[in-house]
Amino acid sequence: MYTTTNETGILNNYSKEPKLYYSEFPTKEQQNKYAFQGAVAVLFIASVVLIALGVS
């Protein structure tokens, strides 16, 4: 942990900062995977809502 002391003797503790990196644009395969996961999620939520409406 990184600690500094100011002129009045008060301590300031700083956490260790993580190394930063830039994200990369997803590949076409990853984009297709995300689209498929989104479609499955939409179908799942729609079925849950329709079942709830049918039961009530």
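The following refers to the structure shown. The residue numbers shown here count from 1 along each chain, following its written sequence. Under the rules for a predicted model, residues below a pLDDT of 70 receive no local features and side-chain atom pairs below 80 are neither given nor counted, while totals for whole chains, interfaces and linings still include all residues. For side-chain calculations, the full set of non-hydrogen atoms in the structure is used, while hydrogens and water are omitted.

## Concerning the overall build of the protein chain
Argument step 1. A count of helical and extended segments in the protein chain gives 1 helix and 2 strands.
Argument step 2. A run of H or I in DSSP becomes a helix once it reaches four residues, and a run of E becomes a strand once it reaches two; helices and strands are each numbered from the N terminus. Listed by position from the N terminus, the elements making up the protein chain come as β-β-α.
Argument step 3. Over its C-alpha trace the protein chain gives a radius of gyration of 25 Å, far above what one expects of a compact globule, namely 10 Å for 56 residues.
Argument step 4. In terms of its C-alpha atoms, the protein chain occupies a principal-axis envelope of roughly 70 × 40 × 15 Å.
Argument step 5. Methods summary: accessible areas were calculated by the Shrake-Rupley approach with a probe of 1.4 Å, and residue burial reflects only the protein chains presented. Summed over its atoms, the accessible surface of the protein chain is roughly 5,900 Å², and 64% of this surface lies on carbon and sulfur atoms.
Argument step 6. Counting 4 positive and 4 negative side-chain charges, the protein chain places the averaged centre of each group 11 Å from the other. Between the two quantities, the radius of gyration covers C-alpha atoms and the globule rule is 2.2 Å times the number of residues to the power 0.38. In this count, Lys and Arg are taken as positive residues and Asp and Glu as negative ones, while His and the chain termini are left out. Every charge is mapped to an atom, namely NZ of Lys, CZ of Arg, CG of Asp or CD of Glu.

## As for a nonpolar patch on the surface
Argument step 1. A cluster of nonpolar side chains, namely F44, I45, V48, V49, L50 and L53, defines an oily patch on the protein surface of about 610 Å² accessible area.
Argument step 2. For I45, the location among the structural elements is in helix α1 (residues 28–55). What makes a patch is a set of residues exposed beyond 30% relative accessible area and free of salt bridges, joined within 9 Å when like-charged and within 5 Å when nonpolar (Val, Leu, Ile, Met, Phe, Trp, Tyr). By definition here, a salt bridge exists when the distance from a side-chain nitrogen of Lys or Arg to a carboxyl oxygen of Asp or Glu is within 4 Å.

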